[in-house]
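# Observations on the model geometry
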Amino acid sequence: MLMEENQNLDETRECQSKPPRRRSRWVLPLVILSILLLVCLTLFAAGVLVVMRTDTFKGLMGQAQVAAKCQVQLQTISAALHRHEISRGEYPQSLDMLYPDYLPSRSAFRCPADPRDPNSGPPSYSYTKPAKEASETSVVCVCDRHRIVKDQPPVRIMLLKNGEVSMTPAAGPVRDSRHK
Ligand SMILES: [Zn+2]
């Protein structure tokens with residue numbers, strides 16, 4: 001009877017001592033896996049930082065910002081053209097005619113990528129006066145001064161008659177931004 005009790009006690013002890021051993025078997029691989037993940041994440045973050053510090057990346061971001069400013073400027077011109085059309089019944093013959101009644105500053109005619117004096121000289125944008133019956137998606141102003149990616153053709157930023165501004169590769173076909 002005593003032997004049987006001892007045996008039961010031994011079995012119970014064995015059962016109690018097993019789970020910790022099983023747990024300890026998984027702890028080491030988990031720690032190694034966590035360390036590997038941490039190393040991978042650190043290397044990835046370091047790689048991203050290195051790319052962000054390169055001149056190419058900075059140049060790309062700078063060019064994209066200048067192109068975005070040009071688009072905002074074209075929207076300002078679009079609003080002025082619209083005001084001119086409402087008050088005079090037609091678009092002006094040239095962009096210069098918007099100043100000073102419809103645009104208070106001539107600097108709006110100068111693309112941010114154009115290094116010339118913003119307050120004198122001809123506008124940076126090529127302008128085509130749209131006919132009254134011209135389609136709403138006909139191109140009114142074009143800017144070809146933005147080379148976003150080095151050694152690639154510049155992009156073409158266009159203002160459409162309906163006031164939308166779209167951007168395409170310069171050599172590509174004129175694209176209506178509403179058909180994205
Ligand atoms: Zn521009």
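See the structure shown above.
Residues numbered from 1 in each chain as written. Predicted model: local features only at pLDDT ≥ 70, side-chain atom pairs only at ≥ 80, totals over all residues.

Another aspect to go through is the overall build of the chain. For the chain, the count of helices and strands is two helices and four strands. A buried classification covers 18% of the 180 residues belonging to the chain. For the chain, restricting intrachain contacts to residue pairs at least 6 apart in sequence, the fraction spanning at least 24 positions comes to 43%. (Helix = DSSP H or I, 4+ residues; strand = E, 2+ residues; numbered from the N terminus. Buried ≥ 20, exposed ≤ 12 C-beta atoms within 10 Å, placed from the backbone. Contact = placed C-beta atoms within 7 Å.)

Here Arg110 lies in the loop between α2 (55-88) and β1 (126-127). C-beta crowding within 10 Å serves as the criterion here: with 22 such atoms nearby, Arg110 is assigned to the buried category. For the pair Arg110 and Tyr125, spaced 15 residues apart in the sequence, the C-alpha separation amounts to 7.4 Å. Not counting chain neighbours up to four residues away, the residues in contact with Arg110 comprise Arg116, Pro118 and Ser124.

Sheet strands line up and pair through hydrogen bonds in the backbone, either parallel or antiparallel. Across the sheet, which stays open at both edges, the four strands sit in the order β1-β2-β3-β4 with antiparallel pairing between neighbours. Each end of this open sheet is capped by a strand with a single partner; those strands are β1 and β4 (165-169). Judged from the two bridges that link them, β1 and strand β2 (residues 139-146) form a sheet pairing that is antiparallel. Bridge pairing in β2 links Ser126 to Val142. (Pairing = 2+ DSSP bridges.)

Turning to its location among the elements, Gln75 is positioned in helix α2. For the pair Gln75 and Gly163, spaced 88 residues apart in sequence, the C-alpha to C-alpha distance is 6.8 Å.

To continue, consider the pairing of β2. Side chains on a regular strand alternate between the two faces of the sheet. Bridge count for β2 against strand β3 (residues 155-160) is five bridges, and the pairing is antiparallel. The residue bridging His146 from the neighbouring strand is Val155, located in β3.

In this model, Tyr99 is joined to Pro100 through a cis peptide bond whose omega is 0°. Its location among the elements puts Pro100 in the loop between α2 and β1.

Ranked by internal contacts, the top residues of the largest apolar core, which has 23 residues, are Ile77, Tyr125, Cys141, Ile157 and Leu159. Of all elements in the fold, only α2, β2 and β3 reach the threshold of two or more residues within this core. Sort the elements by how many residues they give to this core and α2 lands first, with six residues. (Core = buried A, V, L, I, M, F, W, Y, C linked by C-beta atoms within 7 Å.)

A word on the pairing of β4. Where β3 and β4 come together, five bridges link them in antiparallel fashion. Within β4, the position partnered with Val155 by the bridge is Pro169. Taking the residues that link successive antiparallel strands as the turn, the β3-β4 hairpin has four residues, and the phi of Gly163 there is positive, at about 95°.

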